[in-house]
Each structure stands twice: as C-alpha cells, then as structure tokens.
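# Secondary and tertiary structure notes
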4 protein chains.
Amino acid sequence: EDATFFAGIDKIPFRPSGGPNDTMAFRHYDPKQIVMGRTMEEWLRFSVCFWHTFRGTGADPFGFPTLIRPWDDGSDTMANAKRRLRAAFEFFVKLGVKYWTFHDRDIAPEGNTLAETNRNLDEITDLALELQKKTGVKCLWATSNLFASPKYMNGAASNPDSHVVAFAATQVKKCMDIAVKLGAENFVFWGGREGYHTILNTDVLTELTNMANFFKMAAAYKKKLGFTGNLLIEPKPKEPAKHQYDYDAMTVIGFLKHFGLDKEYKLNIEPNHTTLAGHGYEHDIIMASAFGMLGSVDSNTGSPDLGWDTDQFPMDTKNATLVLKAILEQGGLKPGGLNFDCKVRRESTDLRDMFISHIGAMDTFSRGLKNAAAILEDGVIPGQVKERYSSFQTGIGEKINKGQTSFEELEEYVTKNGAPSNPSGRQEHYESMMNHYV
Amino acid sequence: EDATFFAGIDKIPFRPSGGPNDTMAFRHYDPKQIVMGRTMEEWLRFSVCFWHTFRGTGADPFGFPTLIRPWDDGSDTMANAKRRLRAAFEFFVKLGVKYWTFHDRDIAPEGNTLAETNRNLDEITDLALELQKKTGVKCLWATSNLFASPKYMNGAASNPDSHVVAFAATQVKKCMDIAVKLGAENFVFWGGREGYHTILNTDVLTELTNMANFFKMAAAYKKKLGFTGNLLIEPKPKEPAKHQYDYDAMTVIGFLKHFGLDKEYKLNIEPNHTTLAGHGYEHDIIMASAFGMLGSVDSNTGSPDLGWDTDQFPMDTKNATLVLKAILEQGGLKPGGLNFDCKVRRESTDLRDMFISHIGAMDTFSRGLKNAAAILEDGVIPGQVKERYSSFQTGIGEKINKGQTSFEELEEYVTKNGAPSNPSGRQEHYESMMNHYV
Amino acid sequence: EDATFFAGIDKIPFRPSGGPNDTMAFRHYDPKQIVMGRTMEEWLRFSVCFWHTFRGTGADPFGFPTLIRPWDDGSDTMANAKRRLRAAFEFFVKLGVKYWTFHDRDIAPEGNTLAETNRNLDEITDLALELQKKTGVKCLWATSNLFASPKYMNGAASNPDSHVVAFAATQVKKCMDIAVKLGAENFVFWGGREGYHTILNTDVLTELTNMANFFKMAAAYKKKLGFTGNLLIEPKPKEPAKHQYDYDAMTVIGFLKHFGLDKEYKLNIEPNHTTLAGHGYEHDIIMASAFGMLGSVDSNTGSPDLGWDTDQFPMDTKNATLVLKAILEQGGLKPGGLNFDCKVRRESTDLRDMFISHIGAMDTFSRGLKNAAAILEDGVIPGQVKERYSSFQTGIGEKINKGQTSFEELEEYVTKNGAPSNPSGRQEHYESMMNHYV
Amino acid sequence: EDATFFAGIDKIPFRPSGGPNDTMAFRHYDPKQIVMGRTMEEWLRFSVCFWHTFRGTGADPFGFPTLIRPWDDGSDTMANAKRRLRAAFEFFVKLGVKYWTFHDRDIAPEGNTLAETNRNLDEITDLALELQKKTGVKCLWATSNLFASPKYMNGAASNPDSHVVAFAATQVKKCMDIAVKLGAENFVFWGGREGYHTILNTDVLTELTNMANFFKMAAAYKKKLGFTGNLLIEPKPKEPAKHQYDYDAMTVIGFLKHFGLDKEYKLNIEPNHTTLAGHGYEHDIIMASAFGMLGSVDSNTGSPDLGWDTDQFPMDTKNATLVLKAILEQGGLKPGGLNFDCKVRRESTDLRDMFISHIGAMDTFSRGLKNAAAILEDGVIPGQVKERYSSFQTGIGEKINKGQTSFEELEEYVTKNGAPSNPSGRQEHYESMMNHYV
C-alpha cells in the first residue's frame, strides 16, 4: 500500500536559479508566494486530470500505445484500478498540486451490468476518499464519460433514441452522487458526441430540446442533492463529432439563455477548443468572463497549424499572461481552477516526462500570473484602455451605454457636433507594452 | 434616359435544351413553373446586390481595378450615380430578377457634410423609386454601410468613442427612412467592424452593451416609422476585423437573447460566412431555421481552401439543394429572399460575365429547388429521419422531449429496461439517397 | 471454408432504375460498359483496402470500437486472420471489385519475433494467393505499416536512431517479397511518422538524407527482385506527425528530384490529404499528372470543415468528374487504380453499410467517368482552354514556351507591339459549362 | 529639400531601462553590441519596405484609406513621389536601419507609356541614389510589381497570353537595371498572380514551363549585367490567387530543381506566408536553410486564427528566437537581411505608430538574437540534439547516412541485433529548456 511508484523522484523543489537542463524543478511556481494579496496556490488552483495522465496510453489513430506504466498491468481489474489511483495520488503529492479531476469511467472498470459498474465506482471512490484525506488533495471536478462507450456513438443527451438518453441520465445521476461523496467543487459536462456527423440524418431541434431538458434534470438533481458546486459546460466545436452543439463560449451562452438555463450553468473553457473554433487562444476565456459565465479553465494548448485537439501542455508565457489577466480581473476562478487537460506526447515515454510536462506548464502559468499582476498593479495598460472608453462615462456616451437615448437624440447630437475624429487604435503600441511584461 | 447599357443582350431566355457553351440562357430557372404549390419565382425570390455588381471594381488587396464599365466614368458625381442606377435596372430586367439590395453609400455619393450626403440620397432614391415603379423590380432590403468610412475603422455601434456611435445611429436612421420610402421588405445590419483587432486595447463588455443598445434604438425607430419589414443581422466571424461579435448564427442568437432582442431581429445568413466560421455550408441556415430565426439568405459561396470571403457565385447543386430543403421546410423565406451577395471574379471582365455568373447561380438554385421538392414530395429521406426519432413520440421518450421527467425516473426506466442498443447511423446510406436527387 | 460471411447479400446488381432507398444496387457502375474505348472496369480499376474495411474497429480518439464483425473474434490468432481474409474475398466478389490493397501488419498477426511475424505473413499470403486465384481478384498494391508500432513513434526511415531505420528496412524488404509473391502491381510508401512533432529536438537534414537513402535501397531491392510494378509515395501534410516530410505532391516531387529519385518513384495521391494540405480536392492529382508523376489514387474525401483525415467515402460527383478528367487525359492510371482508402463512419455499424458505402462511391466515380468522357468527347471545354493558350503555338509565344528567347528580345517585342490587352478569364462561364455535365 | 517630415521625433534612442509606455525607444536593439562575434546590426541587417510603410493607405477590402500622411498629397506626380522618398529616408535614418526595399511601381508613378514609366524610374532612382549616398542607407533588394496592374490579372510569367509574358519580362529587365544602379544586394520575385483561380480554365504545365523559362531569362540577364546579388523567389501559397505555384519553400525548391534553376535562385521566406501554407512559423526558414536555399527573410507575422496575409509586425519573442537560431546556425543571412514586410494596422493612424511598430519588431528580433546566441553558446539544447542522432556517426548508422548499405545488410544487422528500443522524444523537456531562454 505504501509502495512508491515514482522511486527516485522526490517532491519537486522550487529552484529559481536552475539551468536550462533542470526541468525537474520549478523556477517560477512558489505556492506560498503572495501575488496581489493571495498566494500563487490560491490564484492558480492547479489540478491534474486523471484521464490523460493515468489512463492515457499514447495510442493515436495511427498508432498503438507507447506509454507503459510499471503500475498498470493493462487489465480491467479493480486491483489495477486501485494501483493506478495510488500512483496518481503519489504523483499529485510529489508534483505539489492540490486538486485532481476525473471521469467516472476512468477511475473504475465498467462492469457487466450497470449495478456492477456502480459498485465498482463505490469501491474505488472509497479509496479515493481515503487518499484525498490522507494527502489533502481535493477534487476540483468530476464528470461523466458520455462519449467513449459505443452506446453513445450517436450522442448521449442528444441521441435519436430515448433509451440512450435515459441511460446517460442514469450514469450522470450516479456520477453526481460520487461527486458529492468526494467533495468535488464543480461538476463538468463535455458533450463530444452531442452534435452531428451528417445533417442528412439529423433533427437538430429535437436533439437540442432533449439536451436542454437533460441539463434541466441535472440542475434539479443537483438541488435535491444539496450539491453547492458549479455545474459547468465545456464548449468544443468539433471532434469527435463533425459539428458539436457546444461549439464555443458564445454558442453555449446562447443555448443556455434560449432554454432558460443560464442561471444554473457556467462554462469550463479549454483554449485548445477555442482555437479549434477559429478564435484567438484567450478569446473564450475573455468572452465567458465578460458575460459572467467563466467558471473554470482547462489549461492546455494546441498547435495553431493543426486542426485537431492535441491537448498539449501550455508553454507560452504570453498566452498564460492573457488568461491570468482575465482571471485576476474577475477576482479569481474559485471554485473553479486551472485543470491541466493535457497529455504528454506519445513519444514522451519516460515517467519523468509526466513531471517535466506538468512542471513546465505550472511554471508557464506562474510566469503568466506574475506578469498579469505586474500589468494590473502598474496600471499603465488598464489605464490607457479605460481612457479609450472614457466618453461613455458622461454626456451622450453615458446615455448610449445606459440605453437612455434614441436615434432621434443622437441625430441631434451629430447635427450639433459634426463628424467624429478617429483616433489611432495603437495596436502595436499595446503589443509593445505587453512585451514589456512577458 | 432610355439608353441601352447592355446593347446586344436581350432578356435572358429559358432554353432547357441549351448546350454547354450556352451560358447566356437559363436551363433550369423557369420563373412561372409551379413547384410544391408555388412558382419558382415565389420560392426563390432572387435579388441582385448593387454593391458587388454595380460598384465592384475588381480591386483586391494586391491589385488595381479591372472591371471597367462603359456607363461608369469613375467619378463621384450624381450624374454617374444615376447612370449606374439606370444600368442596374436594365440589368435586373434583362436578367429577370424581381428584387435588388443596396447599401446607402453605394447608390449615392457621400457629400462634404451629412446634410449634403442625405440630399444626395434623397435625390437618388427618387430615381430608384421611379425605376422600381417602371420595372416592377422591388427592394428586398436596404442596409447602411458602417464599415468603409475611416470614421468606422474602430467600429460603428461598438466604437470606443461615443461620438462615432452617435454618427452611426444618425446614418442608420436616414437609411431606414429611405428603406421605407422604397418599400424595402427588410433592413439588414452587417457589422464588419463590430469586433476587435487586438484584445489588448478592447473592453468587450462595454462594446457589446453599446451595440445592443444600438439595436434597441433601431427597433424603436422601426416602430415609430411603422416599418413592417424584418430587421436582420448578418453574422460573419472575421474579416475585416480579427474577431467579429456576430461570429455565426448561434453567437448572434445568444447575443440577441442575452440582451432581450430576439423578438425584434432575425438573421440574414451568408454561407460564405458560415464556412469561414468553420461550419458546413448549410449549417447556419439550418440552425437559424431550427430556432425560428432565419429571415433571409445571401446566397453565395467561398472556396473551402481559402480563408477569406471570396463571395463567389454559388454553383454547387448539392449545397443549393440542402439550402432549399431548409427553406421549403420552413414554408419559404418571405419577406426575405435569396440575395446574390456575390461578385464576378476580377478576371471576369466582360459585361456578359455579369449575366453568366447570375444565370449560373440562378440555375443552380433552381436545380436545388427542384431537387429539394423531389426529396420532400417523395418523402423517403424525411420519413427515415422521422422514424429515427420516433421514440420521442411516446412513453419515456415523449416525457424527455416535453421536459416532464427526472433523473430518478429515467434511472428507474433503465433499471427495468437495461442497456440500449445502438442502431446504425447509416450516413453513407443517406448520402447515397441524396445523390439520387442531385 | 466455404462459409458465407455475408448471408443474405448476393452479388450487387446493376439496377439503373433503382429508387432513392435502393442503395444496395449500382445505378451507374456497369463494369463492361464501354466509355471512350475501354470498359468502365478498365478505366476505374477499383480496389478495396483491407485495413479500413476489415481491420477498422470504429474506435476514435474519444471512443471505443463500435464495428463488431461476426467473423472476427477480436483475437490475434492466425485462425482469426484467415477468417477475416476469407470474409474479405467474399466481400470483394459480391461487390464486384477486381483489386485489393493491404498493409503487411493488417493481414497477419505480429509474432513475438520478426522470424515468427514473417512466418505468419508467409502462411497468410499462401491463403491470399489461393483466394486471389479462386476469385480472380488481384493485388493493386501492398505497403508496409511503418507507423503503428511503438518502435516507429519517432519515425521509421527518418528515425533519430539508426537501429530503427535498419528495422524498418528489414520490414519493407519482407513486404516487397510478399508483394512479388502476390503479383502486386505497385508498392506504396506512406510515411505518417516521417516528420517531426517539435523542431526543437529535430535535425531535419539528417532525417531527410536518411529517408532518401532508404528509398534508394528500396529501389535497388526492387531491381534485384525483378519487381516491375511502380514504387509509389503517398503525400500527407500532417497527422499523426505535426509536420510530415511528404507534405503534398510538389513537396514530394521536390524531394525526389533533389535526391535523384524521380525516375524510381511515382505518387499515390489521396484527395483527403490534398485538402488537409490546403489545396483544392483535385489539385494534387492534376499537379502530379502534369509532372508525369501520377501513379495511383486513394479515392476518398474529407469534410472541408474538419482539420483531420476522415477518410470518408467520396460522394461528390463534381470532384469525381475532375479527377476522372485528369485520369482520362493521361490515358488512365494503369498499373495504378482507384483504391478506396475510406472507412465507414463508426456509427455505420451494419454489415450492409460496408456495401452501401462502397457502392455509393463506385457510382459516384462512375458518374465522374461518364461526365469526364462527355466533356472530352464534346470538346467544348478543352477547346476553349486550348484557344486560351494558343499564343504559345507560334511567334514570340512559341519562343517563350520553348525557352528560345531573352529579356532583350522580349523588350523589343513589347517596344514594337505595345501593352497587352487582358481578356476575361471567364471563370463563371467555365463553372456553368462544367455544371452542364454534372 | 531639408524639410523635416517627422518633426518632433529624433533619432530613436536605446534606453534599456524604459518603462512599458516608453514604446518610442529601443530596449533591446543596440546596433553595435557584439553577439557571437558580430554586431547586432551585422546579424540582423534590418530593412524597411517602402510599399507598406510609404505607400500603404490602410485601405482594405471593406474600407477606404485611413493613413493620411502630411507629405503625401495623394497625387501621382513626380513631386509627390520625391517627397515620399525623402520622407522615407528621414524615417530610415531616425529609426536607425541600414537597408530599404521597394517595388518598381512603388517609387515612381506609372506613365502613359512604358517609355515614360521608365523615365520616371530613372529620375526617381537618381534621387534614391543621392539619398542613399547621403544617409548611408543601402538597398537590400528591389523587386518588380507584377501583380497590381490589370494586365497581370491572369498572371505575369504564367499568363495564358504570350504578350503579357513579354511585357512582364520587359518590366523586370528595367527593374534589374535599376537594382544594379542602386547597388541592391539581392533581387526578389514574388508571384502573387502566378497560379490559378479555377483549374477549369488552366493549363498548369504550360504555365509552369513558361514561368521556368522566364526565370532562366532573368538569370541570363543577371549574368549579362554582372549583377552579383542573389536572385530570390518568395513563396506564398495563396492570396491573391486561389493557388499560387510558389506555394511554400519545398514546392519552390522542387520547381527549381525540376527546371534546373536551383543554382541560380535562393528563397526569400516570409513567415506569414509559411503559416498560411499550414506550417509552423519557423518551418520554411528551417527547411530552406537545411537545403542551403535560405537567402533572406521577410520578417513579419500573421494571426494564427486568420486565413489571409495580415503582414503584422512580429512581436513574439519565441518565434524570433527560432528564426534567429536558424540564421546563426547558417552563419548569417548576408547578402540577405530581415526585411519588415509589415504594415501598421489601418487603425494605427499616427505617424508615431510607424516608429512604434518597427521599434517593437526590432526589439523582438534583438531579443531573439540574444536568446538564440545564448542557446548556441550554452550548447545544452544543441548538445542534446546531437546526442539524439549520434548513432549515425559510426557503424551501421554511418553507412545509412552515407548511402553505403542495402536492405540485405540491414536485415542482417537486425537479425543479429534484434528489435530497437524507443527512447523518449522528450518534447516537453525541450519546450521547457527553450522557455529558459525566452
């Protein structure tokens, strides 16, 4: 039980003076360092995901598994599941993260019947609870895997067959029970099969209506359970489906508002999904935050030249700075966090690569946090932006912004004041200012 | 006044037996032919846009104008503007379309003052009204150009300067007056500069709030005018802005619902914008229709391998069939129509190319109409789709679809009925059935 | 041995009058029908690929297998391998195709040692040979799978470790032996792992040099074997690698010419790879053909809105027409063919979907063949293209085209003849002419 | 003559301690600072392009000009052309760059005849020569604009009409004369119209053959002139054409090798074109360098979420580091340089934005230079890459790399040595090492 799965690797140290090759130490992440009034740990709320880091095999559409883990015998037994979980908690502790996330189907083997599957979940979450208590690591969020099983191939909540919808509901109900048991701080829905492959066989409105009703039932069940965490929907435009209904932040916000669900749900934004939807890296985080809907972040990245989800560890400081700036501006993500929905490359086959990748990403976001705090504390960039919009603070601008004027009144204003000037947008100036910080 | 601008070109004939080289005749568009109870003309409601077809010069970011029109001396005079308009109406009549569309700034030269500009508009629309009466050609919709003038470089309704917002309001007010004067059946907003180039200098929430208030004022002014046509917003994801707030159909629907505008506005969908947003050609038309928000269509196409708006004439029969199927299913587009927001290639420099391009596109949509009608009248494809969703007509499925059940009840159902089967989605079967018609 | 794997399905009939639902019959493919002097069968040379159609499981990066075949017990035994092969030949015969293709690792299980693996291959190809003789189905091409095994994760011929390169060579050598044994008419190389994931750890020049030397050794071994088929390289831009060295047709042609290999290799073009490289569907086929390098075609399609290889069955008649036009113009593909490197959607789980998908694609290419033949036999489009370039047949144009003039002489010509005119490119006219045929 | 066009702006200072708002000073570019044995100025060889910076108007496909320059009256007169040129040289000097680049048609107005156009060029280049001498600013390269005039709408060297090809040759001949006169260190060809818009009207092989012959004539004329600079081709995949023949680095290398031109031409790589072709930012620079074909760099950037050429000023330090690393490794770019083929955003309307944008980019590349030098001088990353490929230094690996072995010998090797291992590719480790430097 107290086996060491990562022999020879101690708790990852903070070593700011480390050299380029010293990739097994933090150079920037110092959890107790205070930044803008909170510790780095409190702002960043890093989480490791179980699926990629402990169930990822390195298989891809053209290749077999490459990631062989000494504790994993490849079997679907409970014993194997428990070893994986123990290895995971050792990893969390050595890495120094305080949160983890999981899908129901990652942690426990599926049984021959739903009853057996649920018993497996009960047993494995007993162990998870024990390990959480022992280590202090908490559950950031749980989620149901409604996409891997063949039964969901045509969708879960949006399946053309009501029997499948019922089955998905049953699975989510159990997963919400588990989430409560483990003290999860949120519950996430990612609908990879909620969408279509060909419009020719699809009744879009029926599917969306059923999906909305599914979310309503989840919200009702949450209340019954007394679960106080956030319910979160994670947008993704496509893959595996050709089109997914939760395309991007604004699409989900539109869906929630249309079906009267916007008080019950927030968003879990993943930048790799944002870029696949054709936006800039930080776009959906900023939009969701502007609409008061940003609940949590799956901090990863893709390659801009690739058209599928690569779930890479985020290593770009400028992007991390933009994300953290939005988070600081909304006062933090709590109860959400920064979950690393990332996988080591299938060629990164060493156990040490599991650490190196997370360390690199945590350092990147730590730099992002420090940079964003510097930007906000300096006040130079925010001040110039505020000045740019200052005409909406008074006079006719204030009326426009508060919805208290009319075309007729604005016409009068223009008749009196003539044509506007057009001051420079100064994009390159802003870019240069940003480069001062990154 | 009765000059012939297209000498040697008569009214385009319907000649179903024409050969491949006979591209100056319709082979499919027979306006009075009855299809599913209406004439082709009534279903298709074709419209020619003034901007591309009479103001397009063939200039592109790397090249000078190529399209030299004999009636256009290149000047900004009223006389030139009037010749253009007369040429346009001759073109509409010879082509055999019943509708046209325009931007305020296309039809009349901008004066040195707003007052002069508006006088020019009054004078030119007197002529337009006369030509409309004489020819029977009607105005499908008018729209304000809020993107070409330098004053709008940082946005119109979403500009960081309230003075610009006021100016834009003044311009739209006048354009709505004109629309009423000309009996326009709709009024369109396309916000090419409503968005951002860099998030670094942008306050997204202020911009969106102002934009929403702008739309509210437009709706109020519409009521005051007694204008009964539809107000339409046209989504586009990007270009000229890096990000445009009206990204795609679902984004605009979300925006409208968030700001309580969804009863006042519908959508004008352009498939070239849809594909730039990363969707399939017909996607936004189907989504907008499903949500009851499809008002009109800018029927054009892009090249799937290009990342900018090419506004090509639509020549793909399968795409046209999918679009027309959605239109037939919602009972037509009226008061909207199929506006050709297309431009001849800058290399297509002959006057005949103006006709050939429109004829080709009209024939393509006529084939699409006949195909879609055949699909619906046969009932084979629709019947199979209906069957696919039939479990939502009764029992537990009906309860799901009507929002009358709960996770608990669905769990009971699954406990009793076990795991679902997963019938084939049969995509290739549907594709083959579709190929039967196109 | 004479078990029927597809009970209830007879040889697919030709039934040109079939209705929309009749997707289990050919409406266009009539193998013995004469088109431009050859039978459809001779022009089209259809081939079924073993990997997708008999080893595809429907698994995707987010989902488990969905395609359960009654003859396949999921084991890695020789008995299972043989059942699959028998099922495949029954499928080929019932479908009515004359060719098949395979990877070495698809047809026979990998053993614990290379020797055992090769013995498995020998045994299974004895059966394949027997089935080929019995059915008359022939091998269009064989290829080595140098991408699925973990040993190739960092590349095969371009691996940073010479031991892996040696191993890949050993595998290809055996596969070429087998190809000769089965009378394969070509041998294909697809280098899905020949490329890089990050430039940071990559020495591009060493990798390309080694890859070129690998191809030289293959060409030398081909000569030694007396193999007379074509060696073919299949371009793909990315996926699984971030960048693949065989990006597209022109990249491979450049590589072959740089390393002096262009007499030894031709190209196997897959349009789904072409579109992923940012080109139009038919582009690489036309470019490869223009350079005399088009050897064979993997006839499939992707979705233009998706950024990964979906290997869908090609169902677009216009695309098929363009491909066949290029093939007819170069006098056919022989010894290459049209190999369906396509997979049924993972939701298409019925055995009948295997047939429906191939039938739909074969019909699509049959329509493409008939359309292309009509275009060439009519001569209207080709004649207008020829006329467009006619100035290069005589005078100064002929000198330019033959490389027999100079800037000085051309300057004299312009001094004498002045500025050129610029006739219309007439794109829409050509598009309309094309629509006459499709 | 000695008018000051940029009153109030002095020579841009080097002020390493400047704050975020201090965007009118260099914080990193210190021209005489020694890095790896040369001054920063010698390594970086910065150049300002005349077309964007002095002829750019801010017009885009949806908007009118926004960039009003006090010295430019908008006329096509020689006096205006001369003022622009004087303003440009003042700008070069104040900015502190030593090189400029131009198109023939940027610097002098086109006359009514070719003779007049050429006289204008003679006159304006007299002034340019004078200004070059006076300021010490030199010409990095000249190029012919073969894309803006309507006569080139269907291509220049690849035009279907031989008369246009002759005209283009005449224009290039004159431009090469001018290049010699001004002591240009290179001559560039960018073929924005060499390609096609629709394959339907295009004879690809004729066009490519003519284009190759055109390049042969240019090389012959270069020899006749005794011009010793490099001839450079600049790849771009698309825009304005749908497909451009010079798609990317490898495509051009293939073309040059096919037509026997690879000794006469090198490449001018623009990363914004590279990313439009679907590659990573630095990819074409690294490929061109690996093949010994990297001649010069157009240092700009695009937005990864946009599908057209935005020609933005490069502001990303990591990208600049990768580019400079490749340049340092090949021993510099000389006689090429880093030409800013960038334009201020059309919203950046202040004269100061012209400086801010260049300063920001020069600082970014200066950081890139210092980072790249640190990487190479530390030797940690290069050492680990070298080690990764070390098996090709001896034994069987050396034979593979030198092309001295065979499939048979490699089979023997594998028979003796068994299966290879597969060491980790360590991508995240390399990424973390890189982050140490940027």
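In this report, the structure presented in the accompanying data block is examined. The written sequence of each chain sets the order in which its residues are numbered from 1. Key to labels: chains lettered from A, ligands numbered from 1, both in the order written. Predicted model: local features are reported for residues with pLDDT of at least 70 only, side-chain atom pairs are reported and counted for 80 or more only, and whole-chain, interface and lining totals are derived from all residues. To obtain the side-chain values, all non-hydrogen atoms of the structure were included, while hydrogens and water were left out.

### Re the pattern of salt bridges
All names here are of chain D. Spelled out, the test is: The salt bridge criterion pairs a side-chain nitrogen of Lys or Arg with a carboxyl oxygen of Asp or Glu, the two atoms within 4 Å. Per-residue accessibility, obtained with a 1.4 Å probe over protein chains only, is compared with the maximum for each type, and a residue is labelled buried under 20%, exposed over 50%, and partly exposed between these values.
Overall, the coordinates contain 104 salt bridges over all chains when judged by the stated rule. A salt bridge links Lys 257 to Asp 262, with the shortest nitrogen-to-oxygen separation between them at 3.3 Å. Asp 262 sits in the buried class, given a relative accessible area of 17%.

### Quick notes on the interface of chain B and chain D
Keep this limit in mind: Two residues form a contact once any of their heavy atoms are found within 4.5 Å. Summed over both partners, buried area is the accessible surface (1.4 Å probe) that two parts give up on being assembled.
Every contact between the two is made by 31 residues of chain B and, on the other side, 31 residues of chain D. Summed over both sides, the interface of chain B with chain D buries roughly 2,800 Å², with 61% coming from carbon and sulfur. A per-residue breakdown of the area chain B buries against chain D is headed by Phe 62, Trp 308 and Glu 347 of chain B, which together make up 26% of the total. Between the two partners, chain B and chain D, sit four salt bridges.

### Brief notes about the nonpolar core
Here is the rule we go by: Nonpolar cores are built from buried Ala, Val, Leu, Ile, Met, Phe, Trp, Tyr and Cys residues. Side-chain atoms within 4.5 Å join them into one set.
In this structure, Trp 100 of chain C together with Trp 100 of chain D are the most contacted members of the largest nonpolar core, which totals 270 residues. Within the second largest apolar cluster, 269 residues are counted, among which are Phe 227 of chain A together with Ile 199, Ala 249 and Ile 396 of chain B.

### Observations concerning the relation of the copies chain B and chain D
Put simply, the rule is: For this overlay, a least-squares fit was computed on C-alpha atoms, restricted to residues scoring pLDDT of at least 70 in both copies.
Mapping chain B onto chain D leaves a residual RMSD of 0.0 Å; the transformation is a rotation of 180° accompanied by 0.0 Å of translation along its axis. Such a combination of turn and shift is consistent with a two-fold rotation axis. Residue Gly 307 of chain B, judged by its C-alpha, is the member of chain B lying nearest the rotation axis, at 1.9 Å. Both copies share a contact surface, since 100% of the interface residues of chain B are interface residues in chain D too.

### Overview of helix H15 (residues 407-417) of chain B
Counting along an α-helix, one turn takes 3.6 residues, and residues three or four places apart therefore face a common direction. Rule in force here: Note on conventions: DSSP H or I runs of at least 4 residues are helices, E runs of at least 2 residues are strands, and numbering of each starts at the N terminus. This arc corresponds to the set of directions leading from the helix axis out to the C-beta atoms.
Of the positions making up H15 of chain B, those classed as buried are Phe 407, Leu 410 and Val 414 of chain B. Axial view of H15 of chain B: buried residues confined to an arc of 65°, hence all on one face. Of the exposed residues in H15 of chain B, the ones pointing more than 90 degrees away from its buried face are Glu 412, Thr 415 and Lys 416 of chain B. Looking at the buried side of H15 of chain B, the elements it contacts are helix H5 (114-135), helix H6 (162-181) and helix H7 (204-225) of chain A together with helix H14 (395-402) of chain B. Gly 418 of chain B occupies a position one or two residues after H15 of chain B and carries a positive phi of about 75°.

### Here's the deal with the interface of chain B and chain A
Formally: Polar contacts, as used here, are pairs of N or O atoms within 3.5 Å; protein pairs need one atom able to donate a hydrogen and one able to accept it. Residues neighboring in sequence count only if both atoms are side-chain atoms. Gly counts as polar in this scheme, as do all residues outside two lists: the nonpolar Ala, Val, Leu, Ile, Met, Phe, Trp, Tyr, Cys and Pro, and the charged Asp, Glu, Lys and Arg.
With 94 residues of chain B at the contact, the number on the chain A side is 94 residues. Where chain B packs against chain A, one counts four salt bridges. Where chain B meets chain A, there are 39 residue pairs in polar contact (both at pLDDT 80 or more). With 13 residues, helix H7 (residues 204-225) of chain B is the largest single contributor of residues to the side of chain B that touches chain A. For the side of chain B that touches chain A, the residue count by class is 46 nonpolar, 33 polar and 15 charged.

### A look at the packing of aromatic side chains
How we decide: When the centres of two rings from Phe, Tyr and Trp lie within 6.5 Å, Trp using its six-membered ring, the rings pair. Their planes under 30 degrees apart give stacked, over 60 give edge-to-face, and anything left gives tilted. When the NZ atom of lysine or the CZ atom of arginine is within 6 Å of a ring's centre and also within 35 degrees of its normal, the charge is said to sit over that ring.
Considering all chains together, one arrives at 121 aromatic pairs over all chains under this definition. With centroids separated by 5.2 Å and ring planes inclined at 70°, the aromatic side chains of Tyr 29 of chain B and Phe 46 of chain B adopt a geometry described as edge-to-face. In this pair, Tyr 29 of chain B is assigned in the segment before strand S1 (34-35) and Phe 46 of chain B in strand S3 (residues 46-49), connecting sequence segments 17 residues apart. Like Tyr 29 of chain B, the residue Phe 46 of chain B is buried in the burial classification. Seen from their ring centres, Phe 189 of chain B and Phe 215 of chain B are 5.2 Å apart, and the 85° between their planes marks the pair as edge-to-face. Of this pair, Phe 189 of chain B sits in strand S6 (residues 186-190) while Phe 215 of chain B sits in helix H7, placing them 26 residues apart in sequence. Owing to a relative accessible area of 7%, Phe 189 of chain B belongs among the buried residues under this scheme. Members of the aromatic cluster, each reached through a chain of ring pairs, are Phe 5, Phe 6, Phe 50, Phe 54, Trp 71, Phe 89, Phe 91, Phe 92, Trp 100, Phe 102 and Phe 355 of chain A. For the cation-ring pair, Arg 38 of chain A lies above Trp 43 of chain A, with the distance from its terminal atom to the ring centre recorded as 4.0 Å. When the ring centre of Tyr 152 of chain B is taken as origin, the NZ or CZ atom of Lys 151 of chain B, which lies over that ring, is 5.6 Å away.

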